[in-house]
Amino acid sequence: MFQVEISEEFRKKLDSRQPADLKTFMGLPHKKTFDGEDFCVLGVPYDTTTTGRPGTRFGPRAIREFNSRFAKYSQDAKCCYDNLNGMDMGDIPVMLGYTLETMQLIYENVKKVLDADVTPIVLGGDHLITYGELRAYAEKYGKVAMIHFDSHNDTSDYENKYTHGTPFRRAIEDGFLDPTHSIQVGIRGYAETYRIEYADEVGMKVITARELHKIGIEETAKRIREQVGNAPCIITFDIDFLDPSAAPGTGTPVSGGFTTYEGMELIRQSLPGLDIKGIDLVEVMEDYDPGHITALAATHIIAQFLTVLSVNKKNRN
Ligand SMILES: [Mn+2]
């Protein structure tokens, strides 16, 4: 497990770099303190553990820039979060190139949100950021289940232990994740098969892209719900779950994926009623995003998550 000392002087320096104003997610109020909100958006502009094309440090900016013009109403769900109060904390400070220090800062900030009983919605950044988040969830709730939408397993075992290809192996080793209630969906492409064998070994379910295309959304949603059950869970959505035709703006795109609609529908069918403790959406890269297609897809995927949180809240009350 990581545990890093960061000097007060350096923390001050990081804080002084925060912009004075911010285009917020869907125009939410920009706040640093909590007042009974249901969810809190945080950006993590960190991308120096990527093994593919760099640039996802601009992902939070791309998503906010694009969707600050969006309204919160959805014609499908009447109003995607009429019963939810949200806020946008802005970007958390990161230390580019200093991976474990950044994991520490991610952990501390997500922990703050969780301790206020608010649901974090984190915008990445490369996928290693989820590892930093998971320490906070595990401290608050014990080992959590994970629903992981991605074209890659991200359980690689390189000599470099901390890259965006390794977060979930590290999180399982550190006891942050409960693999026996976790599931990876959309996996495809060319990579050594040991990652699938690793999932089998630790009891984590995998639904490959090919399998999903074959069995369809309804059956996949059913299998997700069966695997997670009543466990407290987090959702992590790598935008490269979507096909490059729907989300070209990402570092390691893989063909043979899904339309944005399929992603949204899978969220709608699989997640309502689950004990969702937090969400992140990672790997959006604006440099390869003509027409903001990827930022648009990210917006609609997150709006769908908000709809689920809204439905869950209605059903609890
Ligand atoms: Mn990933």
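The structure presented is a predicted model; accordingly, all values stated were derived computationally and were not measured. (Residues numbered from 1 in each chain as written. Predicted model: local features only at pLDDT ≥ 70, side-chain atom pairs only at ≥ 80, totals over all residues.)

(A) Here's a closer look at helix H4 (residues 129-141). Between its terminal C-alpha atoms H4 stretches 19 Å, which fits the 18 Å expected from 13 residues at 1.5 Å a residue. The element H4 is extensively covered by neighbouring structure, given that 10 of its 13 residues are classed as buried. Its buried side turned inward, H4 meets strand S1 (39-44), helix H3 (99-115), strand S3 (119-124), helix H5 (167-173), strand S7 (233-238) and strand S8 (276-282). Just past H4, the residue glycine 142 takes up positive phi, approximately 80°. (Helix = DSSP H or I, 4+ residues; strand = E, 2+ residues; numbered from the N terminus. Expected span 1.5 Å × (residues − 1). Buried ≥ 20, exposed ≤ 12 C-beta atoms within 10 Å, placed from the backbone. Contact = placed C-beta atoms within 7 Å.)

(B) Local environment of the pairing of strand S2 (residues 86-91). For S2, the tally of buried residues reaches 6 of 6 residues, placing the bulk of the element in the interior. Relative to S2, S1 is paired through 5 bridges, and the arrangement is parallel. Counted as the bridge partner of valine 41 is aspartate 88 from S2. (Pairing = 2+ DSSP bridges.)

(C) Examining unusual backbone geometry more closely. Cis peptide bonds are those with omega within 30 degrees of zero, and the linkage from glycine 124 to glycine 125 qualifies with 10°. Looking at the element boundaries, glycine 125 is found in the loop between S3 and H4. The phi torsion at glutamate 283 lies on the positive side, around 75°, for a residue other than glycine. One non-glycine residue with positive phi stands out, namely histidine 292, at about 55°. The residue histidine 292 is located in the loop between S8 and helix H9 (293-316) in this model. Judged by C-beta crowding, with 17 C-beta atoms within 10 Å, histidine 292 ranks as partly exposed.

(D) How the structure looks around the packing of helix H2 (residues 59-67) against H9. For the pair H2 and H9, interaxial distance at closest approach is 9 Å and the crossing angle is 80°. In this view, H2 runs roughly perpendicular relative to H9, as classed from their interaxial angle. In contact with Ala62, Ile63, Phe66 and Asn67 of H2, H9 contributes Ala295, Leu296, Ala298 and Thr299. Its residues assigned to classes, the contact of H2 with H9 shows 6 nonpolar, 2 polar and no charged. (Axes fitted to C-alpha atoms, helices over the stretch in contact; angles between N-to-C directions. Parallel < 35°, antiparallel > 145°, perpendicular 65-115°, else oblique. Nonpolar A, V, L, I, M, F, W, Y, C, P; charged D, E, K, R; others polar.)

(E) Seen up close, the packing of H3 against H4. Their axes nearest at 8 Å, the elements H3 and H4 cross at an angle of 40°. In terms of their interaxial angle, H3 and H4 are classed as oblique. Classified by chirality, the crossing of H4 by H3 is right-handed. Residues Thr102, Met103, Ile106, Tyr107, Val110, Lys111 and Leu114 of H3 form the contact with H4, whose participating residues are Ile129, Tyr131, Gly132, Glu133, Arg135, Ala136, Tyr137, Glu139 and Lys140. (Left-handed = near helix turned anticlockwise from the far one by under 90°.)

(F) Structural context of the sheet that holds S7. What the 8 strands build is an open sheet, ordered S2-S1-S3-S8-S7-S4-S5-S6; its pairing is parallel. Pairing within the sheet leaves two strands with one partner each, and these edge strands are S2 and strand S6 (205-208). Strand-to-strand twist in this sheet, taken as the mean axis angle between neighbours without regard to direction, amounts to 15°. As judged from the 3 bridges shared by S3 and S8, these two strands associate in the parallel manner. What sits directly across from leucine 123, in S8, is leucine 281. Packing against the sheet, H9 makes contact with S1, S3, S7 and S8, and its axis sits at approximately 175° to S8.

(G) The nonpolar core, seen in detail. Counting residues in hydrophobic clusters, the biggest one holds 83 residues, and the most contacted among them are Cys40, Val44, Cys233, Ile235, Ile239, Ala298 and Phe305. A per-element tally of this core places H9 first, with 10 residues. (Core = buried A, V, L, I, M, F, W, Y, C linked by C-beta atoms within 7 Å.)

(H) Representation of the environment of threonine 163 in the model. Secondary-structure assignment places threonine 163 in the loop between strand S4 (145-149) and H5. The exposure class assigned to threonine 163 is partly exposed, which follows from the 19 C-beta atoms found within 10 Å. For the pair threonine 163 and proline 93, spaced 70 residues apart in sequence, the C-alpha to C-alpha distance is 19 Å. Excluding residues that lie within four positions of it along the chain, threonine 163 makes contacts with Thr49, Thr51, Leu128 and Tyr158.

(I) View of the pairing of S8. Within S8, 6 of the 7 residues are buried, leaving the element largely enclosed by the surrounding structure. For the segment spanning S7, helix H8 (residues 260-270) and S8, crossover handedness is right-handed. (Right-handed = clockwise from strand over helix to strand, strands pointing away.)

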